[in-house]
Amino acid sequence: REFQEAAAWLPRVGTPQQVTLVPGNHDAYRAERWEQTFRHWTPYMRSDEATRDGNLESTFPNLRIRGSVALIGVSTAVPSSLLLATGRIGQRQLDALSELLRQTGSSGLFRILLLHHPPAPGSIHWRKRLTDAQALGAVLAERGVELVLHGHGHRSCLNWLPIPGGRAPAIGVRSASELSERPAHRAEYHIYRILNRSAAPRVSLSVRRYSTRAGGFVAVENSQTIL
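Thresholds, definitions, all that
- Residues numbered from 1 in each chain as written.
- Predicted model: local features only at pLDDT ≥ 70, side-chain atom pairs only at ≥ 80, totals over all residues.
- Heavy atoms only, no water.
- Helix = DSSP H or I, 4+ residues; strand = E, 2+ residues; numbered from the N terminus.
- Rg over C-alpha atoms; globule rule 2.2 N^0.38 Å.
- Buried < 20%, exposed > 50% of the residue type's maximum accessible area, 1.4 Å probe, protein only.
- Areas by Shrake-Rupley, 256 points an atom, 1.4 Å probe, with all protein chains shown as cover.
- Lys, Arg positive; Asp, Glu negative; His and termini not counted.
- Charge placed at Lys NZ, Arg CZ, Asp CG, Glu CD.
- 1 Å grid on protein atoms, 1.4 Å probe; cavity = no way out; pocket = protein on both sides within 12 Å on 5 of 7 lines; lining within 4 Å.
- Points joined across faces, edges and corners; volume = space filled by probe spheres on them.
- Nonpolar A, V, L, I, M, F, W, Y, C, P; charged D, E, K, R; others polar.
- Pairing = 2+ DSSP bridges.
- Axes fitted to C-alpha atoms, helices over the stretch in contact; angles between N-to-C directions.
- Contact = heavy atoms within 4.5 Å.
- Arc of directions from axis to C-beta.
- Parallel < 35°, antiparallel > 145°, perpendicular 65-115°, else oblique.
- Left-handed = near helix turned anticlockwise from the far one by under 90°.

With reference to specific residues and values, describe the overall build of the chain.
For the chain, the helix and strand inventory stands at five helices and 10 strands. What you see for the chain is a C-alpha radius of gyration of 17 Å, in line with the 17 Å of a compact globule of 227 residues. Considering only C-alpha atoms, the chain reaches an extent of 45 × 45 × 35 Å along its principal axes. When each of the 227 residues of the chain is scored for burial, the buried share is 42%. Accessible area of the chain: about 12500 Å², with a carbon and sulfur share of 50%. Here the chain contributes 28 positively and 18 negatively charged side chains, and the mean placements of these two sets differ by 6 Å.

Structure below.
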């Protein structure tokens, strides 16, 4: 039922053309049939050229190209043991991701990798970790990426991942719906602006945080350049 409720809510955020979804551990506490669960979200998860439903393995990694930006999503949603919240990409996705990064990089696109679990090894408690983070790091170190976005930790964070000739930012964002009394966990979302001038992309980040006084999200700091 929760999958159906989320599917009914998603159009309020935007159309499948405007919204890209990658699942996380809360969506996969136990193995369930695709037809009863993730199928409801397929329009928001499939690649631009995908034409049929399937399962998480056949849907991810996905590729959506918007202008000069390539949005590449991977699924880290796998059932885990009691009291664990780990994620895994798996070798099949990693192999396909490597090829997607090669193709989009050769085309000169600004590549943004989307996943739920933090990709930087050691950046989160072991029981919440991405179990094949090192394998993902090896793919990125070989193929490169311009920006990595993730969630899971319910806190804002910035880590740097090695890529050919430098490093790429991996940015974690808080929950956008957590009305916590703890300032570090209060609901928040990010706005990224990407400028590609003379093949030297610049990325700025703006933060919006929920304010109970204002009854909505407000800007909490000026835009900052991260690339």
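Lay out the layout of surface pockets in plain terms, naming residues and giving numbers.
Roughly 2000 Å³ of internal volume is contained in the largest pocket. Forming the boundary of the largest pocket are 46 residues, of which T20, V22, V173, R174 and A176 lie nearest the centre. For the lining of the largest pocket, the elements supplying multiple residues, two or more each, are α1 (2-13), β2 (69-73), β3 (110-114), β4 (147-150) and β7 (188-197). In the lining of the largest pocket, the residues fall into 25 nonpolar, 15 polar and six charged. The space that makes up the second largest pocket amounts to roughly 750 Å³. For the second largest pocket, the lining is made up of 31 residues, of which D27, A28, F38, L56 and A77 are closest to its centre. Secondary-structure elements contributing two or more residues to the lining of the second largest pocket are α1, α3 (56-59) and α4 (91-106). Tallied by class, residues from the lining of the second largest pocket come to 12 nonpolar, 10 polar and nine charged.

Mind laying out unusual backbone geometry, listing which residues take part and the relevant values?
In this structure, the amide linkage connecting F60 to the following residue, P61, adopts the cis form with an omega of -5°. Of note in this structure, H154 is not a glycine but carries a positive phi near 60°. With respect to the helices, strands and loops of the structure, H154 is situated in the loop between β4 and β5 (157-163).

Lay out the sheet that holds β5 in plain terms, naming residues and giving numbers.
Within a beta sheet, neighbouring strands are joined by backbone hydrogen bonds and run either parallel or antiparallel to one another. If you walk across this open sheet you meet the six strands as β1-β2-β3-β4-β6-β5, and the pairing is mixed. The sheet terminates laterally at β1 (62-66) and β5, the two strands that pair on one side only. Ignoring which end each strand starts from, the neighbouring axes of this sheet average 25° apart. Taken together, the seven bridges between β5 and strand β6 (residues 166-172) define a ladder with antiparallel strand orientation. If you follow P162 over to β6, its bridge partner there is R167. Across the sheet, α4 lies against β1, β2 and β3, angled at about 180° from β2, the strand it touches most.

So what's going on with helix α5 (residues 133-143)? Which residues, and what values?
Every buried residue of α5 is listed here: A133, L136, V139 and L140. For α5, the angular spread of buried residues about the axis comes to 120°, placing them on one side. Pointing more than 90 degrees away from the buried face of α5 are the exposed residues Q134 and E142. Once α5 ends, the next one or two residues include G144, with phi positive near 85°.

Could you give an account of the environment of I89, with specific residues and numbers?
Along the chain, I89 falls in the loop between β2 and α4. I89 gets classed as buried once you look at its relative accessible area, which sits at 6%. Counting along the chain gives 70 residues from I89 to N159, while the straight-line C-alpha distance between them is 19 Å. Each residue touching I89, except ones within four places of it in the same chain, is listed here: V74, S75, T76, L94, L115, L130, D132 and L136.

I'd love a proper account of the packing of α4 against α5, names of residues and values included.
Packed helix pairs are characterised by how far apart their axes lie and by the angle those axes make with each other. At a minimum axis separation of 10 Å, α4 and α5 run at an interaxial angle of 20°. In terms of their interaxial angle, α4 and α5 are classed as roughly parallel. Where α4 crosses over α5, the two elements pack in a sense that is right-handed. From α4, L94, L97, S98, L101 and R102 reach across to α5, where they touch A135, L136, V139, L140 and R143. Here the contact of α4 with α5 is composed, by residue class, of seven nonpolar, one polar and two charged.

As far as function goes, none of this settles anything; it's purely spatial.
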